[in-house]
Amino acid sequence: MAAYLIDDAPEGWSYLGTELLDGAPEALRQHLVGGHDEPGKRYPARANEPPLVYTERAASRLNWAYVLHPDGIEVIGEPGAGRGPLVTWGTDPRVRFRDTACLWRPDQPIPATTPPRATTRTPGTAAQPMTAPTARPRSH
């Protein structure tokens, strides 16, 4: 992921495309993009100019920032914010994230919905109701 996002596009991305889903199960591709493949768009390379370097001062003008970590991607949503919450790489890709920047704080839960329920059932199985997690009793 780091090679694709950074090494292959050092100038950055205007938006990411469906090529990130190459190799994903077809049912998941259909759920996420409904058959509408669209390539990502990189910012144009700047010939004969040094690469852009974002300092703390310049970064405060960005709308969003993303920091790749071994266990997930940190999402920084507020201009000038030093940190953001970590979305683990194992997060279900069907989750819908809120794009309200002030909700992306490291001291708050990730602003996302749960993945939608499957619409088809395996024959012979009943749907299990969703229940809230229960607290485990503490041992003294």
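Higher on the page you've got the structure.
Residues numbered from 1 in each chain as written. Predicted model: local features only at pLDDT ≥ 70, side-chain atom pairs only at ≥ 80, totals over all residues. Heavy atoms only, no water.

**Topic: the packing of aromatic side chains**
One pass over the full model with this rule turns up three aromatic pairs. Judged by centre distance (5.1 Å) and plane angle (25°), the rings of Y4 and W13 are stacked. Overall, the relative accessible area of 16% leaves W13 in the buried class. An aromatic cluster of three or more residues is present, and its members are W64, F97 and W104. (Phe/Tyr/Trp six-rings, centres within 6.5 Å; stacked < 30°, edge-to-face > 60°. Buried < 20%, exposed > 50% of the residue type's maximum accessible area, 1.4 Å probe, protein only.)

**Digging into the side chain of R29**
Inspection of the secondary structure puts R29 in helix α2 (residues 26–33). Reaching out from R29, the side chain makes a polar contact with the backbone oxygen of L21 at a distance of 3.1 Å. Those residues within four positions of R29 in sequence are excluded, and the remaining contacts are T18, L21, D22, A24, G34 and D37. (Helix = DSSP H or I, 4+ residues; strand = E, 2+ residues; numbered from the N terminus. Polar contact = N/O pair within 3.5 Å; in protein donor to acceptor, adjacent residues only side chain to side chain. Contact = heavy atoms within 4.5 Å.)

**Description of the pairing of strand β4 (residues 72–76)**
Each regular strand carries side chains that alternate between the two faces of the sheet. The buried count for β4 comes to five of five residues, which makes it a mostly enclosed element. Here strand β3 (residues 65–69) runs beside β4; their pairing, made up of five bridges, is antiparallel. Paired with L68 across the bridge in β4 is I73. Counted along the chain from β3 to the antiparallel partner β4, the turn is two residues long. For β4 and strand β5 (residues 86–88), the ladder comprises three bridges, and the chain directions are antiparallel. (Pairing = 2+ DSSP bridges.)

**So, the pattern of salt bridges**
Scanning the model with the defined rule gives four salt bridges in all. Where R83 meets E74, a salt bridge forms, and the shortest distance between an N and an O atom there is 2.9 Å. On the accessibility criterion, E74 (3% relative accessible area) is buried. Residue R94 is joined to D92 by a salt bridge in which the shortest nitrogen-to-oxygen separation is 2.6 Å. By relative accessible area, D92 is classed as partly exposed at 25%. (Salt bridge = Lys/Arg side-chain N within 4 Å of Asp/Glu carboxyl O.)

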